[in-house]
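The primary structure of each chain is shown beneath.
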Amino acid sequence: MARVLVAWSVVLAAVAGRAHAARDASTGRAYCASFSSCDACMALNDDESTPAVCSWCYSSDSCVVAYERDASAAPLTVPGSCKDWTMDRKTCACRPFVYTDCETCTANPECVWIRNATSFVTTTVHIPGIGMRTSQLAHPWHDVCWSGSPFTGPSFEEREMKFLTTTMVMNSTSPDWCWYQCSVPGSAFIVLIILGVVCGLTILACALRCLYNALCRKEKKRRRSRASRNQDMI
C-alpha cells in the first residue's frame, strides 16, 4: 500500500510540474505577445521581474518568447518556426539580414556598416565544492549592418543571462566601421565633416569681413568726397 501511495505521489508531482511549466509558458507567451513593435518587444529583456525574455520575429512581424525565466518552463523556444528573428533591439532599425551591403546599410543614418568585429561570451559556472570557473570564447565576424552613430560607432550592449549556477555575459567590439559612406572608416568621416564645416564658416567669416571692410572704405571715400565738395562751395 505504501508503494502505491509513493507511486501516486510521484505521478501527481509530475503532473503538477507539467501544469506549472505549461502555465508559466502560457504566461510568457501572453506577456511577449502584448508588444506590437520590435523596439518595445525587447525593451524590458534586462528586467528580471518579467516572466520571459522576448524576441522579435521578423517573419511574422510579432513578439515571441525567447525563453522563460522560470526554470520549470521550456528554456528556449526560438527560433522554432521563425526563420528571421532577433533578441537584440539594436537590430530593429538596421536589419543585418536585409541590409547586406555597405551602400544599402549606410543610406540609413541610424545604421553603421561593421567591416570587422569580435563578440565575446564569458561563462562563469559555480561548481559546488570547487568554486567558480570562468571561460571565454571569442567569435570574429564581419560585413554586418548595425545600429550606431557617427560619434560612437556600433551601439553594442552587454547582455547577461543566468541559468541556475551558470552566468553568461555577452559583449562585442568593433574598431572598423563606416557611417553614411563606405570609404572612410570610424569617426574620421564625421571629423572631416566637422572640419569642413569649420573651414566653410571660417571662409564665410573672412568673406563677410572683407565685404564689410570694402563697404567701410567705400563709405569713407564717399564722405571725403562730400566733405571736399562742401569745402569748395564755401
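Each chain carries its own residue numbering, running from 1 in the direction its sequence is written. This being a predicted model, a pLDDT of at least 70 is required before a residue's local features are given, and a value of 80 or more before pairs of side-chain atoms are given or counted; all residues contribute to the totals for chains, interfaces and linings. In computing side-chain values, all of the structure's heavy atoms are included and hydrogens and water are not.

Brief notes about the overall build of the chain
The test is simple: Helix numbers and strand numbers start at the N terminus; a helix is a DSSP run of H or I with at least 4 residues, a strand a run of E with at least 2. In this scheme, a residue with accessible area under 20% of its type's maximum is buried, one over 50% is exposed, and one in between is partly exposed, where area comes from a 1.4 Å probe on protein chains only. Working rule for contacts: check all heavy atoms of both residues, and any pair within 4.5 Å makes them a contact.
A tally of helices and strands in the chain yields four helices and nine strands. Along the chain, from the amino end to the carboxyl end, the secondary structure elements read α-α-β-β-β-α-β-β-β-β-β-β-α. Split into buried and exposed, the 234 residues of the chain put 30% on the buried side. Excluding contacts between residues fewer than 6 apart, the proportion of contacts in the chain whose partners are at least 24 apart in sequence is 52%.

Re the sheet that holds strand β1 (residues 52–57)
The following threshold applies: One requirement defines pairing of two strands: DSSP has to find at least two bridges between them.
Sheet architecture is open: three strands sit in the order β2-β1-β3, paired in antiparallel fashion. Both outer strands of the open sheet, β2 (62–68) and β3 (85–86), are each paired with one neighbouring strand and no more. Sheet topology note: the β1/β2 ladder contains six bridges and is antiparallel. Its bridge partner being in β2, Ala52 is matched across the sheet by Glu68.

Examining the pattern of salt bridges
Rules: For this analysis, a salt bridge means a side-chain nitrogen from Lys or Arg found within 4 Å of a carboxyl oxygen belonging to Asp or Glu.
Under the definition given, this model contains seven salt bridges. Arg89 is paired through a salt bridge with Asp39; the nearest N and O atoms lie 2.9 Å apart. Placement of the pair is Arg89 in the loop between β3 and α3 (102–106) and Asp39 in helix α2 (residues 38–42), with a sequence separation of 50 residues. The class of Arg89 is partly exposed, set by a relative accessible area of 28%. When its relative accessible area of 40% is taken as the criterion, Asp39 is described as partly exposed. With a shortest N-O distance of 3.7 Å, Lys162 and Glu160 are connected by a salt bridge. Since its relative accessible area comes to 46%, Glu160 is described here as partly exposed.

Re the nonpolar core
Put simply, the rule reads: By nonpolar core we mean a set of buried residues, namely Ala, Val, Leu, Ile, Met, Phe, Trp, Tyr and Cys, connected to one another through side-chain atoms within 4.5 Å.
Within the largest apolar cluster, 13 residues are counted, with the highest numbers of intra-cluster contacts made by Cys32, Cys41, Cys54, Trp56 and Cys63. Breaking this core down by element, the ones donating at least two residues are α1 (2–33), α2, β1 and β2. For Cys63, the residues in contact, after removing those within four places along its chain, are Cys32, Ala33, Phe35, Cys41, Cys54, Ser55 and Trp56. One finds Val144, Trp146, Trp177 and Trp179 within the second-largest nonpolar core, a separate group that totals 10 residues.

Looking at a nonpolar patch on the surface
Applied cut-off: What makes a patch is a set of residues exposed beyond 30% relative accessible area and free of salt bridges, joined within 9 Å when like-charged and within 5 Å when nonpolar (Val, Leu, Ile, Met, Phe, Trp, Tyr). Using a 1.4 Å probe, accessible areas were evaluated by the Shrake-Rupley method; residue-level cover was limited to the displayed protein chains.
Taken together, Ile193, Val197, Leu201, Leu204, Leu208, Leu211 and Leu215 make up a surface patch of nonpolar side chains, about 640 Å² in accessible area. With respect to the helices, strands and loops of the structure, Leu208 is situated in helix α4 (residues 188–233).

Looking at the state of the cysteines
Quick note on the threshold: Criterion for a disulfide: a pair of cysteine sulfur atoms at a distance within 2.5 Å.
Summed over all chains, the structure comprises seven disulfides. Note that Cys57 is cross-linked by a disulfide to Cys82, the S-S spacing being 2.1 Å. Handedness of the Cys57-Cys82 disulfide follows from its S-S torsion of about 105°: it is right-handed. One end of the pair, Cys57, is in strand β1; the other, Cys82, is in the loop between β2 and β3, and 25 residues separate them in sequence. Sulfur-sulfur distance for the disulfide between Cys102 and Cys182 comes to 2.0 Å. Torsion about the S-S bond of the Cys102 and Cys182 cystine: about -110°, corresponding to left-handed handedness.

Focus on unusual backbone geometry
You will see that Asp61, though not glycine, has its phi angle at about 55°, which is positive. If you trace the backbone, Asp61 turns up in the loop between β1 and β2. The class of Asp61 is exposed, set by a relative accessible area of 55%. Of note in the backbone geometry, Leu164 takes a positive phi value of approximately 55° without being a glycine.

Quick word on the confidence of the model for the chain
As a reminder of what qualifies: Per-residue confidence from the predictor is reported as pLDDT, a score between 0 and 100.
On average, residues of the chain score 81 in pLDDT, and 83% of them reach the 70 mark or higher. Across the chain, element-level confidence peaks in α3 with a mean pLDDT of 95 and bottoms out in α1 with 49. Below a pLDDT of 50 lies the segment residues 1–24, which in the model reaches eight contacts outside its immediate sequence neighbourhood of four places, other chains included.

Observations regarding the environment of Gly153
Following the sequence through the fold, Gly153 ends up in strand β7 (residues 153–154). The exposure class of Gly153 is buried, given its relative accessible area of 1%. Linking Gly153 and Val112, residues 41 residues apart in sequence, is a C-alpha distance of 6.8 Å. Setting aside anything within four residues of it in sequence, one finds Gly153 in contact with Val112, Ser147, Gly148 and Trp177.

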